[in-house]
Amino acid sequence: MKTVILDCLTNLNLASEDLSTVHNSVLQSLNSAEVAALPVLVKFVLQLTDSQNADHVASALRNFIDLNYILRPPHCTYGLLTLDALKSGFQFQPLIGSSWITGLEKVECLELIDVYVLLHMLSLHHHKKRRLETFIKKLVRKKLLNAHVAEQLVEEPILSAFKTSMNSLIVQCSHMLASNEVALRDFASGAYRILFEKLGGEGRQWIVSNLVVHIGSKQPKEVATAVDILHAISEESLPLLRPFEPFIKAILDYIDEFSTTEVRKIFSVLCALGSESKETGLDDVHMVVRKRLSSAYLRHKRVGIVGAVVMIRYLDAPQEFNLLDTNLDLFTETGAPASPAAARRISVVLDMLTGIAHISSCSALICEEFALLLSHVSLSMEVVAEVRRRFTRDFEEAFLCSIDDVSTGMLFSDVPEKPFDLLAVACMHNLDGNAALIAVNLLSLPMQKTPESFGVLFSQFHLLQMCEKRMNNGSLRNIDATLGCPLVMLERAKLDGLSKDPELQKFYCEVLLACANWLRTLINAFSSQNSAETRRKLVQRLHLLCEVEEELTGLAPYNGEAASKERQSRLLGTRFLIRELNFDALGLLSLGSTLDPATAQGLCRDTEGALLLNAPQLALLTEELERKLVIFPPKNGAETTWTSLVSLLPFLCKHIETALRAYQGLSNRSDCKSETISAISRLAEMILTCFKKLLTNEDSTRSRLLHEIVTIFSNRIEAKSHAPLSFLQLCERAFSYLYGLVPLLPSFKAQKELYSALTSLAKATDLFSARRDQLEALVRRILACAHPQQHCFLEELSSSELSSLLTSFFSLVENKEAELQILISKMEMLFECGSHNNLCIGAVYLKTALTQIVGQLKVLFEHEPDRQLSDEMLLRCSVLLVGNFARCITAVKNIENNKLFNILLKLGRLFLEAFIRVGMPFLDQHFLRFKEDISALLKNLQIVTRYLHILCNHSKERKSIIASKHVPAVRKAMEALVYRVKHMVEVNSCESVFWLGVLKHRNLQGDVVSSQFEPGSCPSETSGSIVGDSASFPTNHCSTQDYDESFS
């Protein structure tokens, strides 16, 4: 009956008041209406929607229609009809869609109907499509549109209803994949993987073709993400990917441009697609590999080597493994060996690799690729033995020597020209004593003919130890002599003229570099061994590594330029940097530590005989951990990696507690060196940085890892009872533990890192509101450098760090107006001093102050239910904000600095635009009521606009590229303000208070300069008379540089 009545009402000519009454009644009935009646009700409501009620209609439809309910049996038919009614309504009433999107700007979660509306509007060709795409990206950044929403879309019967809109989602994912923002690429990655599994053949073909296009874009981030998606799809939905193998093979045409990791993943996908038939399925890959290996160019050989190793993995591996999965038992047989045909093909591939192994760079890459393969995949014993025989046989001949040969001088008897004195050659750092029979000849590396051969030793040993682990169930007993054997090096004390001979200095630096890399290779290899003797030798090698790297860093390079060890490596002409320590080596952090300066030399043990790390060793390991978290963070999905990092957290807590106790003890000693205090401060900063990165992990397993992290922090506080704690209680205790470190920290930079960690913890665990005051107090402490042992170190903060701290501070304080006044006062004091450091800090203060003024102006006139301000208060706040902006202008008037000009122009434009948009409507309504106050406000605003006009002229006169790009937008905003003010006085019939005149051109000193007009072309310029608003001007005079508004 309701359907018939509404149909009749639609066809009748009723008065607008009656229709409005019926429209509101129907809108209220949507909440309780039957599903069968929804299509007609929605159609009726949308037909009668206009600009007056569009927002209300959009809000009601969003709240009352539940797609999860109406699209499931037995209502799915009526649910589809309801969606058809929405489609037609959005198509013929675009205003409803705009109102819907406006309403989504303040929601905290998206419903399915919101996603449907967004996707449907994207499919419509209208002029606001670009704005809609920008809004969708904003939702992704806010994590309202995420992979969980995409998973809901592909569930039946939701997928059937959304199938026609999925093309729009795929197009948006394609746009996001090409973005530079990580959040957008991550969403596109997750959505592509989900959609590929659930969509039909046409949708999958579109996804694969899009990925192939992105892979060929030659944009590094875009290519890397697209390759990751394709690799993930091949692991999750390989049978569904097989029909599109011809599309994927097209990638081989431009594979030479990819990184080694991307090449590895592409070959992994191709080999997986052809792995159904190991005899013939890999023929195309085999031809590509053979062609690349036979090329004369190294970049082509690199692709062939990676492809050959991946081929062997698929030909030999008894089961299909994920190449990046580390949760495998690598030392247990998992199936039968390869078939005879596959074994023959493996032999052919190994022969091709052996043919190019004489090239040093190729040999190193072959060893590294096989070592990586063995660390993730369990190959058969036959293949492992053959790989070891072919590619590590030169290790013993080229790099191992007899101790007797060194002592007798026979080691270098066949070398005609030696860059060093034989008397300086010695076997050093022997840990095995008289039991040592061999030595590692590190002098042979710098004497290689090519720089590429520098890393062959380390790569071959890396492969050798992986083969030994595979063949001996993880044991390295057959090669453990390399851990303690001596190293053939040069004694610096016996090198005459080291500081005067650049060639000798270069050679000595290369020897130290080789020693550092060899020690790191040993530590990486033997850290997985658990015997007490091995642990002792590892700590000794770690201590030697600290000494070598300190000497390498402190030794002036032969060209006299100071450099870090990475830069020094480049200066030495090598292509091989310092090797990283792996996660097994970072397990040494589980040892205890002592930071007493007296223990910095030698092996340290506690009272029970357990090994301890001294300060340099602990700093080196912590620096490596920080490097892994900050510079090369694990990618999303690396669950095992994140779990390994979290397992180190209890030991990091012990180490920072030890460091802070040591600092408290040393700071009271008069004989303590400043270098020791600095080292402890740096150690605390690195550990706190690790805390921060662990808390900001965005991995898919974040919730589980976060629970483990807060539990570890909570356990550092002694519990009063043994009763189990809730997650919120654990979070409270974790926050209390970290906040308790504040008064103990040795530097304000450590406090800054702790603040970042506390903020991440508070936001991740919903403690931000409860702990807001403590966070505010900590930021105040950092900005004021309130630690009793510190002086004012603001000059040492970078501009970005200081700006970030100030922004965080204003986000925490309640009384932002008072703090803004204090900040401007400090800025004025800094500009009065005039030194370079003060100007730099003042620039940051100026940018922060103007940013806060613009932000406060934007939110001042928002109508929020819990924040009702009187008109008098709104006007008072507006006057205060304009006055603060004028104070900022006055503070920098006498300073000529391009950085300050750029800040003023950029943020001045934003301020004027915000004032026109949100401030002028308020002034329109209350001008007659507060005439004098508003006139005073606008006169104060003239201080801002006149100085911005002067800056525009100055920027064009000096041809400042950075500042000039803001000039057109600033002048446009000033011109809009002039006419907007004129409109306001006309609306309120107060034309007499406003007069319009020609603004004279002035320079920074206030002197009048010639304008673009000829003298005498305008009467007002020569006579100085005031021209009323009714006067007519030539059209070319209509610009902000010609007009000035004033109020009597």
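This text goes with the structure placed above it.
Residues numbered from 1 in each chain as written. Predicted model: local features only at pLDDT ≥ 70, side-chain atom pairs only at ≥ 80, totals over all residues. Heavy atoms only, no water.

(A) Quick peek at the overall build of the protein chain. Counting its secondary structure elements, the protein chain contains 48 helices and nine strands. Counting every position in the protein chain, which comprises 1048 residues, the buried fraction comes to 51%. In the structure as shown, the protein chain presents an accessible area of about 48300 Å², 52% of it carried by carbon and sulfur atoms. (Helix = DSSP H or I, 4+ residues; strand = E, 2+ residues; numbered from the N terminus. Buried < 20%, exposed > 50% of the residue type's maximum accessible area, 1.4 Å probe, protein only. Areas by Shrake-Rupley, 256 points an atom, 1.4 Å probe, with all protein chains shown as cover.)

(B) Structural context of the pairing of strand 4 (residues 487-490). Going residue by residue along strand 4, you find Leu487 and Met489 tucked away on one face and Val488 and Leu490 tucked away on the opposite face as well. Inspection of the sheet shows strand 2 (residues 425-428) paired to strand 4 by four bridges, in the antiparallel sense. Directly across from Val425, in strand 4, lies its bridge partner Leu490. Direction of pairing for strand 3 (residues 438-441) relative to strand 4: parallel, over a ladder of two bridges. Its bridge partner lying in strand 4, Val440 is registered against Leu487. (Pairing = 2+ DSSP bridges.)

(C) Layout of the sheet that holds strand 6 (residues 604-605). A sheet is described by the order of its strands in space; here three strands give the open sequence 5-7-6, paired in mixed fashion. Two strands in the sheet have a free side with no partner beyond their single neighbour: strand 5 (592-593) and strand 6. Here two bridges tie strand 5 to strand 7 (residues 611-613), and the two strands are oriented parallel to one another. Note that in strand 7 the partner of Gly592 across the bridge is Leu612. Of the strands in this sheet, strand 6 and strand 7 touch helix 29 (residues 532-554), which is tilted by about 20 degrees from strand 7. (Contact = heavy atoms within 4.5 Å. Axes fitted to C-alpha atoms, helices over the stretch in contact; angles between N-to-C directions.)

(D) Spatial organisation of the pattern of salt bridges. One pass over the structure, following the stated rule, counts 37 salt bridges. Close ionic contact of Glu580 with Lys628 constitutes a salt bridge, the shortest N to O distance being 3.4 Å. Linking Glu580 in the loop between helix 30 (565-571) and helix 31 (583-586) with Lys628 in helix 32 (residues 615-630), this pair joins segments that are 48 residues apart in sequence. Among the salt bridges present, the one from Lys752 reaches Glu753, with a minimum N-O distance of 3.5 Å. When its relative accessible area of 12% is taken as the criterion, Lys752 is described as buried. Taken together, the shared-partner salt bridges connect Asp351, Glu386, Arg389 and Arg390 into one network. (Salt bridge = Lys/Arg side-chain N within 4 Å of Asp/Glu carboxyl O.)

(E) Spotlight on the packing of helix 12 (residues 166-177) against helix 13 (residues 182-198). Running from amino to carboxyl end, helix 12 crosses helix 13 at an angle of 140 degrees, the nearest separation of the two axes being 8 Å. In terms of axis orientation, helix 12 runs oblique to helix 13. Note on packing geometry: the crossing formed by helix 12 with helix 13 is left-handed. The residues of helix 13 that touch helix 12, namely those facing Met166, Leu169, Ile170, Cys173, Ser174, Met176 and Leu177, are Leu184, Arg185, Phe187, Ala188, Ala191, Tyr192 and Leu195. Across the contact of helix 12 with helix 13, the residue classes tally to twelve nonpolar, one polar and one charged. (Parallel < 35°, antiparallel > 145°, perpendicular 65-115°, else oblique. Left-handed = near helix turned anticlockwise from the far one by under 90°. Nonpolar A, V, L, I, M, F, W, Y, C, P; charged D, E, K, R; others polar.)

(F) Main features of the sheet that holds strand 1 (residues 400-402). In space, the four strands of this open sheet follow the order 1-3-4-2, with mixed pairing throughout. A single partner strand is all that each edge strand has here, and the edge strands are strand 1 and strand 2. For this sheet the average axis-to-axis angle between neighbouring strands, irrespective of direction, equals 45 degrees. Across three bridges, strand 1 lies against strand 3 in antiparallel orientation. Residue pairing in the sheet places Ser402 in a bridge with Ile438 of strand 3. Of the strands in this sheet, strand 3 and strand 4 touch helix 28 (residues 502-526), which is tilted by about 155 degrees from strand 4.

(G) Seen up close, the nonpolar core. Judged by nonpolar contacts, the single largest core of 193 residues is most densely connected at Trp518, Phe691, Phe915 and Leu923. Counting residues per element, this core draws most heavily on helix 28, which supplies 16 residues. With residues near it in sequence (within four places) discarded, Phe915 still touches Leu857, Val882, Met920, Leu923, Leu937, Leu938, Leu941 and Leu977. One finds Ile96, Ile136, Leu159 and Phe162 within the second-largest nonpolar core, a separate group that totals 135 residues. (Core = buried A, V, L, I, M, F, W, Y, C linked by side-chain atoms within 4.5 Å.)

(H) Structural detail: the environment of Gly203. Its location among the elements puts Gly203 in helix 14 (residues 201-215). The sequence separation of Gly203 and Met166 amounts to 37 residues, and the corresponding C-alpha distance is 8.4 Å.

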